Each structure stands twice: as C-alpha cells, then as structure tokens.
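A look at the structure
Given next are the chains, with one letter for each unit.
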Amino acid sequence: GDIPEVVDVALIITPAATVAGIIEECGAKGIENAVVFSAGFEEVEGGEINAQRLAEAAEKHNVRVIGPNCNGLWSVKHKTIMSFSGAALRIEKINHAPIAVLSQSGALSGAISNALNNSGLGLSYIVSVGNETCTDVIDIAGSIIEQDDVKVVALYLEGLEAANRILPIAERA
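The rules behind these values
- Residues numbered from 1 in each chain as written.
- Predicted model: local features only at pLDDT ≥ 70, side-chain atom pairs only at ≥ 80, totals over all residues.
- Heavy atoms only, no water.
- 1 Å grid on protein atoms, 1.4 Å probe; cavity = no way out; pocket = protein on both sides within 12 Å on 5 of 7 lines; lining within 4 Å.
- Points joined across faces, edges and corners; volume = space filled by probe spheres on them.
- Helix = DSSP H or I, 4+ residues; strand = E, 2+ residues; numbered from the N terminus.
- Nonpolar A, V, L, I, M, F, W, Y, C, P; charged D, E, K, R; others polar.
- Salt bridge = Lys/Arg side-chain N within 4 Å of Asp/Glu carboxyl O.
- Buried < 20%, exposed > 50% of the residue type's maximum accessible area, 1.4 Å probe, protein only.
- Polar contact = N/O pair within 3.5 Å; in protein donor to acceptor, adjacent residues only side chain to side chain.
- Contact = heavy atoms within 4.5 Å.

The next thing to look at is the layout of surface pockets. Considered as a void within the structure, the largest pocket measures approximately 490 Å³ in volume. Contributing to the lining of the largest pocket are 19 residues, with Asn33, Ile66, Leu73, Ile140 and Ser143 lying nearest its centre. Broken down by secondary-structure element, the contributors of at least two residues to the lining of the largest pocket are β2 (33-36), β3 (64-66), β4 (72-75), β7 (123-128) and α4 (137-144). Tallying contributions element by element places α4 first for the lining of the largest pocket, with four residues. For the lining of the largest pocket, the per-class residue count stands at 13 nonpolar, four polar and two charged.

Quick look at the structure:
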C-alpha cells in the first residue's frame, strides 16, 4: 500500500498468514496481478485456512494470483523472470523458441525448461502455478496459446478437477 505508483505485478514472499492481507492491499492500490511464492497453504496441514483467505481476498479485490507455493514465471522474449530461480542470472543465455512450459510443479518446470534450453531448442515462457489456489494451469493455457511467440505448449499436470475445460483451448490451439 505504501508503494507510490501502481505496479504491474506484486511478488509476494511473506509468511502464509500475511498473504491475504497483502492481496487486499494490492486490490485497494489497483494492483491487478500477483505471484505468491510463499508456502503454508494447501500443501501443509492447517494451511487450508490461509488458502481460503487468499482466494477470498483475490476474488473480492479482483487480483489475479499465480501460486501460492509456486516458482513463478518467465517471459524469455521480454527478458522477464518473476521467480526465485537462479535462471535470472543467465537470462541472456536462454534461447527464445516458440515452446511454453506450464506446470503445477516449479521443480519440474525448471527441469523441463533447462532440458529444452540445454538441447538447443529453447523456450518462450515458463509458468509454475504451484497450488493453483486461484489460477490453474488451464487458465494459463487459455491465454498462453494466444501469444505470438508460442506454437507448442508443454503441460505438466499433477491432476485436474475439470479436465473438460481444456477441450475448447485445445480446439483454439
């Protein structure tokens, strides 16, 4: 709330119990997007209350949230890495190619992306959604296929609650 201007994306790395309040501040400030690296949500016993509060705050304040418990996202074309990954240190060495990697797992999205880059293929985007409390892989796939530098989308899924949602996206792709 104290930031003088409205930023495009808030990167949140604070204790789980504080995240919903920060999302509320983002919404009040007009910040529409957030990436939550913080853990302590659905993946731990008792964390469901933090997840519920996060989801309610995001919906109430119209903040799109990737995460929590995620490794964030990259846009190779725009040389933007919103992640705690060490990849930011070598962004200039990442080959830009029309392959997007969307994953629930940050570790596996990183491994797949490293393999693509090390093989000489490269990639365009990596999005690790973590717990998918507010935004899931299918939500991301729906917008990533519209990017002009994407021709292939690799998905790593640990499960889908409404798998039929992918059908219209696959048809558009």
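Read on, since the account is not over.
Moving on, we come to the pattern of salt bridges. Counting across every chain of the model gives five salt bridges. One salt bridge in this structure joins arginine 64 and glutamate 32, with 3.7 Å as the shortest N-O distance. A residue pair is termed long-range when its members are at least 10 positions apart, and arginine 64 in strand β3 and glutamate 32 in the loop between α1 (16-29) and β2 qualify at 32 residues. Taking the relative accessible area as the measure of exposure, glutamate 32 reaches 44% and is therefore partly exposed. Salt-bridge contacts for aspartate 148 lead to lysine 77; the nearest nitrogen and oxygen are separated by 3.1 Å. Of this pair, aspartate 148 sits in the loop between α4 and β8 (152-156) while lysine 77 sits in the loop between β4 and β5 (80-82), placing them 71 residues apart in sequence.

This next bit is on the side chain of serine 38. The topology assignment puts serine 38 in the loop between β2 and α2 (48-60). For serine 38, a relative accessible area of 5% corresponds to the buried category. A polar contact of 2.6 Å, which involves the side chain of serine 38, links it to the backbone oxygen of threonine 14. Those residues in contact with serine 38, other than ones at most four positions away along the chain, are Ile12, Ile13, Thr14, Val19, Pro68 and Asn69.

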